[in-house]
Amino acid sequence: MRCGEGPADGRVPTRPQAALTVAAEAHASTYDRALFPLWITISGTCNTRETVLKRDGSNVVTSSSCAPTSGHWYSPYGGATWTAASDVDYMVPLAEAWQSGA
């Protein structure tokens, strides 16, 4: 299917891609990682990232400091499964989201 075409079964998409406006990225010079604080503590020593990784993974084992040491994380977007928590942090990197106008 090419951009702007409907699915092969003849259904008409309710939000055709052709109607989207693609704008140039901006704000690269104003991005500052410090604008996004580090993860907050949720419970005990577990921060937001660790809590979400444990929630969204399967067979997740954590260290005494709550860091995931093993487990499996499935991506519904690409169909891939990861076994390293470091590979699943962001769907969109902060700098990219900022430059794209988020």
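The preceding data block contains the structure.
Residues numbered from 1 in each chain as written. Predicted model: local features only at pLDDT ≥ 70, side-chain atom pairs only at ≥ 80, totals over all residues. Heavy atoms only, no water.

## Things to note about the pairing of strand β4 (residues 68-74)
Here's step 1: Where strand β3 (residues 58-62) meets β4, 3 bridges bridge the pair, whose relative direction is antiparallel. Along β4, the bridge assignment pairs Thr62 with Pro68.
Here's step 2: Where β3 hands over to β4, the hairpin turn is made up of 5 residues, of which Cys66 adopts a positive phi near 85°.
Here's step 3: Of the strand pairs in this sheet, β4 and strand β5 (residues 81-82) are connected by 2 bridges, and their pairing is antiparallel. Paired with Tyr74 across the bridge in β5 is Thr81.
Here's step 4: The antiparallel pairing of β4 with β5 creates a hairpin that spans 6 residues between the two strands, and Gly79 there sits at a positive phi of about 75°. (Pairing = 2+ DSSP bridges. Helix = DSSP H or I, 4+ residues; strand = E, 2+ residues; numbered from the N terminus.)

## Quick look at the packing of aromatic side chains
Here's step 1: Within the structure shown, the criterion is met by 3 aromatic pairs.
Here's step 2: Consider the rings of Phe36 and Trp98, whose centres lie 5.9 Å apart with planes at 90°: the pair is edge-to-face. Separated by 62 residues along the polypeptide, Phe36 in the segment before β1 (41-43) and Trp98 in helix α2 (residues 94-99) bring together distant segments of the chain.
Here's step 3: According to the relative accessible area criterion, Phe36 is partly exposed, its value standing at 26%.
Here's step 4: Here Trp98 falls in the partly exposed class, since its relative accessible area comes to 24%. (Phe/Tyr/Trp six-rings, centres within 6.5 Å; stacked < 30°, edge-to-face > 60°. Buried < 20%, exposed > 50% of the residue type's maximum accessible area, 1.4 Å probe, protein only.)

## What to know about the pattern of salt bridges
Here's step 1: Summed over all chains, the structure comprises 1 salt bridge.
Here's step 2: For Arg55, the salt bridge goes to Asp56, with nearest N and O atoms at 2.6 Å.
Here's step 3: By relative accessible area, which is 45% here, Asp56 ends up partly exposed. (Salt bridge = Lys/Arg side-chain N within 4 Å of Asp/Glu carboxyl O.)

## Regarding the side chain of Glu50
Here's step 1: Within the fold, Glu50 resides in helix α1 (residues 48-56).
Here's step 2: Within the buried core, Glu50 has no salt-bridge partner, and the shortest N-O distance to an opposite charge, that of Arg49, equals 5.8 Å.
Here's step 3: Leave out the neighbours within four places in its chain, and Glu50 touches Thr45, Ser65, Cys66, Ala67 and Pro68. (Lys, Arg positive; Asp, Glu negative; His and termini not counted. Contact = heavy atoms within 4.5 Å.)

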